[in-house]
Protein chains: 4
Amino acid sequence: MSKPREEKYHAILDAATEAFALYGYFTCQVSKIAKLAGVADGTIYLYFKNKEDILVSLFSDRMGKFIQEILHSVVQYQTTQEKLLCIIRTHFRYLQENRSLAIVTQIELRQSDPKIREAISGPLRDYFHLIEQVLAEGIEREEIVLADVKVGRQMFFGTLDAVISDWVSSKKPRPLEGIEDLVFDLMRGAFRIKE
Amino acid sequence: MSKPREEKYHAILDAATEAFALYGYFTCQVSKIAKLAGVADGTIYLYFKNKEDILVSLFSDRMGKFIQEILHSVVQYQTTQEKLLCIIRTHFRYLQENRSLAIVTQIELRQSDPKIREAISGPLRDYFHLIEQVLAEGIEREEIVLADVKVGRQMFFGTLDAVISDWVSSKKPRPLEGIEDLVFDLMRGAFRIKE
Amino acid sequence: MSKPREEKYHAILDAATEAFALYGYFTCQVSKIAKLAGVADGTIYLYFKNKEDILVSLFSDRMGKFIQEILHSVVQYQTTQEKLLCIIRTHFRYLQENRSLAIVTQIELRQSDPKIREAISGPLRDYFHLIEQVLAEGIEREEIVLADVKVGRQMFFGTLDAVISDWVSSKKPRPLEGIEDLVFDLMRGAFRIKE
Amino acid sequence: MSKPREEKYHAILDAATEAFALYGYFTCQVSKIAKLAGVADGTIYLYFKNKEDILVSLFSDRMGKFIQEILHSVVQYQTTQEKLLCIIRTHFRYLQENRSLAIVTQIELRQSDPKIREAISGPLRDYFHLIEQVLAEGIEREEIVLADVKVGRQMFFGTLDAVISDWVSSKKPRPLEGIEDLVFDLMRGAFRIKE
DNA sequence: TATGAATGAGTTTTCATTCAT
DNA sequence: GATGAATGAAAACTCATTCAT
């Protein structure tokens, strides 16, 4: 892929993120994405197979980067406690810096259309896997107490997700920085992490 | 509202719940709901203003009953510990018995369309409020330790939601009964509930 | 199929015949057929699966009737000579009375699109078969002399087709009645029919 | 026209013949022709005004050569009998050697689009004219008996055309050489040519 | 000349909604 | 009230043609 080609590809993906966040996938016409990206409608189809492909690409590209960033940050820490805190912080920071992506994630993560779900579920599963790994390791090292890794992950991710959900739907959201420690404190209790 | 009128109203709502769960709101045609309800397409419009109104009614009706049931159950308990466990159990049991509603909730709870969001958010806010009340009361009575009621609710609801989300998307879900205690144990830790 | 339903079905088919004759299949928009038939665009799709289905139905319906009429007429005659003359006359008369059908036949009979070809070829093959049967019978009864039935049919049909082709493309065509005898005289010579 | 320019012109025309034969004029995209010709899409428009112009040029060029070849061959013969046989043979041989052209001719000869028809009709009319001339001369010289030259031409051309039509649509066509004599024998009867 | 990325007009088809019966 | 045939607005997508390089 040449430089200008890649640039336009990402311009369209950026525009789609904005547009999907604003209108939702189904309510958003391809022409709106095109206008936002500053290209003609037909140009979209030089870069994406169809509308669905835009959404799918958006997820694998953006979510991929999100997971990548979290993975990259987590490996710098040793203890389970640090790792969990790191995930919380990176999760919040990344989505705070990419509000439209956060919205799209919130909205479209739950599409029922089987084809879309399937395409989306990939990166998310990776994330779930990472969390579960950290928890399993924590149990093994006896740094945390947890009866069921899957339920542990559900609580951990569900909490972050609920926080983001509120933040996203709030008109004037308070910065997520202030919440990190509150969330972490709950996790410390839930996972019986010693002081 | 006369008896037979009310019957048909609920028949359509039941059909819509099934159909939305199966296809998703946007992908589901009104004619599919009509067929499932055993009425003509036009009949739908004698009971609902438009397609959106079906979704909105579905939420206020079904979610309303859901909240009602939880409220009703919770008041039978005294301690915060018991109340939280009661919510967990009722939440899981109700959605387990109404799988289609659970799916619709998961999927459509996060519509971006502002009109739909607004309509949906009512019953949900009631639920959030209930949880927060229980938590606030628990703090006051010193039965739990919690720095921020809102974050506490986000964790509590987010966890239940994530469990349901996994359960809903699993082809062969394990019964939710086995998970209740695991979830509650995590909450006990998070909220520092004494044994 | 109820009465009014069948009426509209044929109204659309009539309109399509006119429109395809006027513009050609590809150049003719579905909306033009709808306007000509006096129905809304969407109504077309209550009666036909898609644009292609209109063309296919047109052929099986119209060509079917055409063949039917020829078959019906031919059985009334005994000698090969009479039968061939009957085919010539019926062929000319039918298409003269259905000029648009004649045009559509001329134009679309030769579509390259495999799906369309296949659908169209059915009724035509029936016609070819009929002609070949008459010729084979004539040979057997020694009423005509002909080395190869297929080539005989090609000449017979090709001649009629070429006449119609000229007639169709002429702005002010001379009536086909005057040509029947000329054509038949050529056939008589070609097939060595005795006086 | 310089040499290399002319080469590319014909390369495009060759490619168009193949592509139109394969897909049909309307179903064939200009980009397919370009790819087949080994040039860029835009290059096509340095040699042809538009898509239609390719088809038109194809006919005047290819059909022109076709007529030329027939004309050239026919003048070598004296008697009407010989001339007609020569036309049959050349017609069959030329199209057998240019199957794609034969297909395109069969398919597109009958376009309804008036502009296309007009452009195509030129070379065809020349051909018709040639046949009619041979026939008129035959009548004059009393080598054939024929009441109407136009109908005679219609039969003559229609027969050749029908043979080609069958040959073109057959997956495994028998060689046309075997048919020449069969066809000629029919013509001899039709035109009352003496032995 | 040659390229091929970009354009945007144009077309088929769907489907929520209406309304005559 | 109930029906379901008819409507027509709306939207995804295609592709002939252009033009900056």
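What you see as residue numbers is a count from 1 along each chain, following the sequence as written. Following the order in which they are written, the chains are lettered starting with A and the ligands numbered starting with 1. At least 70 in pLDDT is required for a residue's local features to be given in this predicted model, at least 80 for side-chain atom pairs to be given and counted, and no such filter applies to totals for whole chains, interfaces and linings, which use all residues. Think of the side-chain values as coming from all heavy atoms in the structure, minus any hydrogens and water.

Looking at an unreviewed UniProt entry, chain A carries the name Transcriptional regulator, with the source organism given as Desulfosporosinus youngiae DSM 17734.

**Student:** Describe the environment of E6 of chain C, naming the residues involved and giving the relevant values.
**Tutor:** The numbering of helices and of strands both runs from the N terminus, where a helix is a DSSP run of H or I of at least 4 residues and a strand a run of E of at least 2. By the element assignment, E6 of chain C lies in helix α1 (residues 3-23). The sequence separation of E6 of chain C and G122 of chain C amounts to 116 residues, and the corresponding C-alpha distance is 23 Å.

**Student:** I'd love a proper account of the pattern of salt bridges, names of residues and values included.
**Tutor:** We count a salt bridge whenever a side-chain nitrogen from Lys or Arg sits within 4 Å of a carboxyl oxygen from Asp or Glu. Counted under the stated rule, the structure contains 56 salt bridges over all chains. Close ionic contact of D61 of chain C with K65 of chain C constitutes a salt bridge, the shortest N to O distance being 3.5 Å. Taken as a pair, D61 of chain C and K65 of chain C lie in helix α4 (residues 51-74) at a separation of four residues, close to a single helical turn. Among the salt bridges present, the one from R141 of chain C reaches E143 of chain C, with a minimum N-O distance of 3.4 Å. Judged by relative accessible area, E143 of chain C falls into the partly exposed class, the value being 22%. Each of D14, D61, R62 and K65 of chain A takes part in a single network of salt bridges with overlapping partners. Note on classification: 1.4 Å probe, protein chains only; a residue is buried when its accessible area is under 20% of the maximum for its type, exposed when over 50%, partly exposed between these limits.

**Student:** Go over the arrangement of the chains with me, naming the residues and quoting the values.
**Tutor:** Only heavy atoms enter the contact rule, under which two residues are in contact if any of them lie within 4.5 Å. Here chain B and chain C are not in contact; the least distance found between their C-alpha atoms is 14 Å. Chain A shows no contact with chain D. Their nearest C-alpha atoms sit 14 Å apart.

**Student:** Tell me about the relation of the copies chain A and chain B, and name the residues and values.
**Tutor:** The copies were overlaid with a least-squares fit restricted to C-alpha atoms from residues scoring a pLDDT of at least 70 in each copy. With an RMSD of 0.1 Å, the fit of chain A onto chain B corresponds to turning through 179° and sliding 0.0 Å along the axis. The symmetry that links the two subunits is that of a two-fold axis. Of all interface residues in chain A, 98% are interface residues in chain B too; the two copies therefore contact each other through one and the same surface.

**Student:** I'd like to hear about the interface of chain A and chain B, residue by residue, with values.
**Tutor:** Facing 41 residues of chain A, the contacting portion of chain B comprises 40 residues. Buried area: the accessible surface (1.4 Å probe) lost by two parts on joining, summed over both. Between chain A and chain B, the buried area comes to about 3,200 Å², and carbon and sulfur atoms account for 56% of it. Here chain A is connected to chain B by six salt bridges. D166 of chain A is the salt-bridge partner of R153 of chain B, the closest N and O atoms lying 2.9 Å from each other. Each polar contact in these results corresponds to two N or O atoms within 3.5 Å; when the atoms are within protein, one needs to be able to donate a hydrogen and the other to accept it, and residues that are neighboring in sequence are counted only if both atoms are side-chain atoms. For the interface between chain A and chain B, the tally reads six residue pairs in polar contact (both at pLDDT 80 or more). With 14 residues, the single largest contributor to the side of chain A that touches chain B is helix α8 (residues 149-169) of chain A. When grouped by side-chain class, the residues that make up the side of chain A that touches chain B number 18 nonpolar, eleven polar and twelve charged. All residues other than Ala, Val, Leu, Ile, Met, Phe, Trp, Tyr, Cys, Pro, Asp, Glu, Lys and Arg, Gly among them, are scored as polar; the first ten of these are nonpolar and the last four charged.

**Student:** Please provide a residue-by-residue account of the relation of the copies chain D and chain C, values included.
**Tutor:** With an RMSD of 0.2 Å, chain D superimposes on chain C once it is rotated by 180° and translated 0.1 Å along the axis. Mapped onto chain C, 100% of the interface residues of chain D again fall at the interface, so both copies present the same surface.

**Student:** Account for the nonpolar core, naming residues and giving values.
**Tutor:** Residues belong to one nonpolar core when they are buried, are Ala, Val, Leu, Ile, Met, Phe, Trp, Tyr or Cys, and are joined through side-chain atoms within 4.5 Å. Within the largest apolar cluster, 139 residues are counted, with the highest numbers of intra-cluster contacts made by F191 of chain A together with F191 of chain B. Excluding residues that lie within four positions of it along the chain, F191 of chain B makes contacts with L186 of chain A together with L84, L135, I144, V145, L146, G152, M155 and F156 of chain B. One finds I12, I107 and M187 of chain C together with A21 of chain D within the second-largest nonpolar core, a separate group that totals 138 residues.

**Student:** Run through the side chain of S57 of chain D, naming residues and quoting values.
**Tutor:** Mapped onto the elements of the fold, S57 of chain D is located in helix α4 (residues 51-74). For S57 of chain D, the contacting residues outside a window of four places in its chain are Y9, L13, F48 and R62 of chain D.

**Student:** Could you give an account of helix α8 (residues 149-169) of chain C, naming the residues involved and the relevant values?
**Tutor:** Along an α-helix, residues three or four apart share an orientation, since each turn contains 3.6 residues. Residues and elements named next belong to chain C. Spanning 21 residues, α8 covers 30 Å between terminal C-alpha atoms, matching the ideal 30 Å at 1.5 Å per step. Of all the 21 residues making up α8, 18 are buried; the element is thus mostly covered by neighbouring parts of the structure. Near the N-terminus of α8, the side chain that reaches the backbone nitrogen of K150, with its oxygen 2.9 Å away, is that of D148. To estimate how far a helix should reach, multiply one less than its number of residues by 1.5 Å.

**Student:** Lay out the protein's contact with DNA strand F in plain terms, naming residues and giving numbers.
**Tutor:** Lining the immediate environment of DNA strand F, one finds 30 residues, of which R5 and T43 of chain B together with K8, T43 and Y47 of chain C sit closest. Only a single heavy atom is needed: when it lies within 4 Å of a molecule or strand, its residue is near that molecule or strand. Expressed as a percentage, the sugar and phosphate content of the atoms of DNA strand F within 4 Å of the protein is 73%. The backbone of A40 of chain C places a nitrogen or oxygen atom 3.0 Å from a phosphate oxygen of DNA strand F. Here a phosphate oxygen of DNA strand F and a side-chain polar atom of T43 of chain C are 2.3 Å apart. Of all the secondary-structure elements, those providing two or more residues to the surface near DNA strand F are α3 (41-47) of chain A, α1 (3-23) and α3 (41-47) of chain B, α3 (41-47) of chain C together with α3 (41-47) of chain D.

**Student:** Explain the domain arrangement of chain A to me, and be specific about the residues and the numbers.
**Tutor:** Residues and elements named next belong to chain A. Boundary definitions for the domains trace back to an automatic or database domain assignment. When cut into domains, chain A gives domain 1 (1-48) and domain 2 (52-190). Of note, the centres of domain 1 and domain 2, computed from C-alpha atoms alone, are 26 Å apart. Carbon and sulfur atoms supply 67% of the area buried between domain 1 and domain 2, which totals about 1,400 Å² over both sides. Summed over the shared surface of domain 1 and domain 2, the number is one salt bridge. A salt bridge links D14 to R62, with the shortest nitrogen-to-oxygen separation between them at 2.1 Å. Run the count over domain 1 and domain 2 and you get three residue pairs in polar contact (both at pLDDT 80 or more). When its residues are assigned to classes, the side of domain 1 that touches domain 2 shows ten nonpolar, three polar and two charged.

**Student:** A description of the packing of α4 of chain C against helix α5 (residues 80-97) of chain C should follow, citing residues and the corresponding values.
**Tutor:** Residues and elements named next belong to chain C. Helix axes are fitted to C-alpha atoms over the stretch in contact, other axes to C-alpha atoms as well, and angles between N-to-C directions run from 0 to 180 degrees. Packing of α4 against α5 leaves a shortest axis separation of 9 Å and a crossing angle of 145°. Once α4 is placed against α5, the crossing between them reads as right-handed. Mapping the contact onto sequence places R62, K65, F66, E69, I70, S73 and V74 in α4 and K83, C86, I87, T90, H91, R93, Y94 and L95 in α5. Grouping the amino acids of the contact of α4 with α5 by side-chain chemistry returns seven nonpolar, three polar and five charged. Should the near helix be turned counterclockwise from the far one by less than a right angle, the crossing is left-handed, whereas a clockwise turn marks it as right-handed.

**Student:** How would you summarise the UniProt feature "DNA-binding region" (unreviewed entry) in chain A if you had to cite specific residues and measurements?
**Tutor:** UniProt positions are given in the numbering used here, feature names are shortened, and annotations may be inferred rather than shown by experiment. With numbering aligned to this structure, UniProt lists the feature "DNA-binding region" (unreviewed entry) at residues 29-48 of chain A. Between the end C-alpha atoms of residues 29-48 of chain A there is a gap of 15 Å, over a span that is 75% helix and 0% strand.

**Student:** Tell me what's going on with the UniProt feature "domain: HTH tetR-type" (unreviewed entry) in chain A, and back it up with residues and numbers.
**Tutor:** Mapped onto the present numbering, the UniProt feature "domain: HTH tetR-type" (unreviewed entry) falls on residues 6-66 of chain A. When the span residues 6-66 of chain A is considered, its composition is 80% helix and 0% strand, and the gap between its end C-alpha atoms is 19 Å.

**Student:** Tell me what's going on with the protein's contact with DNA strand E, and back it up with residues and numbers.
**Tutor:** In the neighbourhood of DNA strand E, 30 residues make up the surrounding shell, with K8, T43 and Y47 of chain A, Q29 of chain C together with T43 of chain D lying closest. By atom count, sugar and phosphate contribute 72% of the portion of DNA strand E lying within 4 Å of the protein. The side chain of Y45 of chain C places a nitrogen or oxygen atom 2.8 Å from a phosphate oxygen of DNA strand E. Contact between DNA strand E and Y47 of chain D: a phosphate oxygen at 3.0 Å from a side-chain N or O atom of the residue. Elements with a contribution of two residues or more to the surface near DNA strand E: α3 of chain A, α3 of chain B, α3 of chain C together with α1 (3-23) and α3 of chain D. A per-element tally of the surface near DNA strand E places α3 of chain D first, with five residues.

**Student:** Got a sec to walk through the packing of α4 of chain D against helix α6 (residues 99-108) of chain D? Specific residues and values, please.
**Tutor:** Residues and elements named next belong to chain D. In the contact formed by α4 and α6, the axes pass within 12 Å of each other and the chain directions differ by 125°. Of the possible angle classes, the one that applies to α4 and α6 is oblique. Considering only the axes of α4 and α6, their crossing is left-handed. Contacts from L55, L58, F59, R62 and M63 in α4 reach L101, V104, T105 and E108 in α6. Put simply, angles under 35 degrees are roughly parallel, angles over 145 are roughly antiparallel, angles from 65 to 115 are roughly perpendicular, and the rest are oblique.

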